[in-house]
Amino acid sequence: MAMPATSAKRRFEMEYSINASPKILFPYIASASGLSQWFCDDVRLDPDHRLNMVWDKQSHFAEIAAQRPGRSIRYVFLDEKKCSLPDANYLDFTLESSLITDEVFLRVTDYSDHLDAEEQQELWEGLVGKLREQVGG
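Presented here is an overview of the structure given in this document.

Thresholds, definitions, all that
- Position numbers for residues start from 1 in each chain and track the written sequence from start to end.
- pLDDT decides what is reported in this predicted model: residues at 70 or higher carry local features, side-chain atom pairs at 80 or more are listed and counted, and totals for whole chains, interfaces and linings draw on all residues regardless.
- In computing side-chain values, all of the structure's heavy atoms are included and hydrogens and water are not.
- Exposed residues in this analysis have more than 50% of their type's maximum accessible area, buried residues have under 20%, and partly exposed residues fall in between, with area computed by a 1.4 Å probe over protein chains only.
- Helix and strand assignments come from DSSP, with helices taken as H or I runs of at least 4 residues and strands as E runs of at least 2, each series counted from the N terminus.
- In short, DSSP must find at least two bridges between two strands for them to pair.
- We place a 1 Å grid over just the protein atoms. Points where a 1.4 Å probe fits but has no way out form a cavity, open points with protein on both sides within 12 Å along at least 5 of 7 lines form a pocket, and any residue with an atom within 4 Å of a point lines it.
- Grid points are joined across faces, edges and corners, and a volume is the space filled by probe spheres set on the points.
- Geometry is summarised by axes, namely lines fitted to C-alpha atoms with helices restricted to the contacting stretch, and by angles between N-to-C directions that run from 0 to 180 degrees.
- Should an angle lie under 35 degrees it is considered roughly parallel, over 145 roughly antiparallel, and from 65 to 115 roughly perpendicular; all remaining angles are considered oblique.
- Left-handed describes a crossing whose near helix is turned anticlockwise from the far helix by less than a right angle; the clockwise case is right-handed.
- By definition, residues are in contact when any of their heavy atoms lie within 4.5 Å.
- In this classification, the charged set is Asp, Glu, Lys and Arg, the nonpolar set is Ala, Val, Leu, Ile, Met, Phe, Trp, Tyr, Cys and Pro, and all remaining amino acids, among them Gly, are polar.

Let's shift gears to the pairing of strand 5 (residues 72-77). For strand 5, the tally of buried residues reaches five of six residues, placing the bulk of the element in the interior. In terms of strand pairing, strand 4 (residues 58-68) meets strand 5 through six bridges, oriented antiparallel. Pairing of Arg68 across the sheet is with Ser72, part of strand 5. Alignment of strand 5 against strand 6 (residues 90-97), held across five bridges, turns out to be antiparallel.

What follows is the structure in structure tokens.
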């Protein structure tokens, strides 16, 4: 009897301090133009309101699964036919503010097929570094 394939997906979660207000940061995590400035090569919104995120000339389709304006957004990735998948890859971006220190944090939750935790951490540190350059923080 064949064993069902096990998912090699893992949940990566990190918080990054960013010296910018949530009001300034949110458009960078929740709009096509903002994401294309730091997250991927290009982002286009298709007529069905799905995002086409482009890396290395390859399209990756996603839809917004949840959003709390000014605070968080979740992108769920779709298959090549722009259909939902069971156990789909997703990205959560959440902005949190410390009332005590006035710091703003971006929490990234990346649920995907990445196997190497160190490589994934380096990837996100580089991406968040680009975001900090964009917002001056």
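Still more to cover.
Here we come to the layout of surface pockets. A water-sized probe rolled over the atoms picks out the places where empty space is left. As a volume, the largest pocket reaches approximately 470 Å³. Together, 20 residues line the largest pocket, and Trp55, His60, Phe77, Asn89 and His114 are the ones closest to its centre.

Our focus in this paragraph is the packing of helix 1 (residues 22-30) against helix 3 (residues 117-135). Axis separation between helix 1 and helix 3 bottoms out at 11 Å; the angle between their running directions is 130°. It follows that helix 1 is oblique to helix 3 by the angle criterion. Crossing handedness for the pair helix 1 and helix 3: right-handed. Side by side, helix 1 and helix 3 meet where Ile24, Leu25 and Tyr28 of the first sit next to Leu131, Gln134 and Val135 of the second. Within the contact of helix 1 with helix 3, the residues separate by chemical class into five nonpolar, one polar and no charged.

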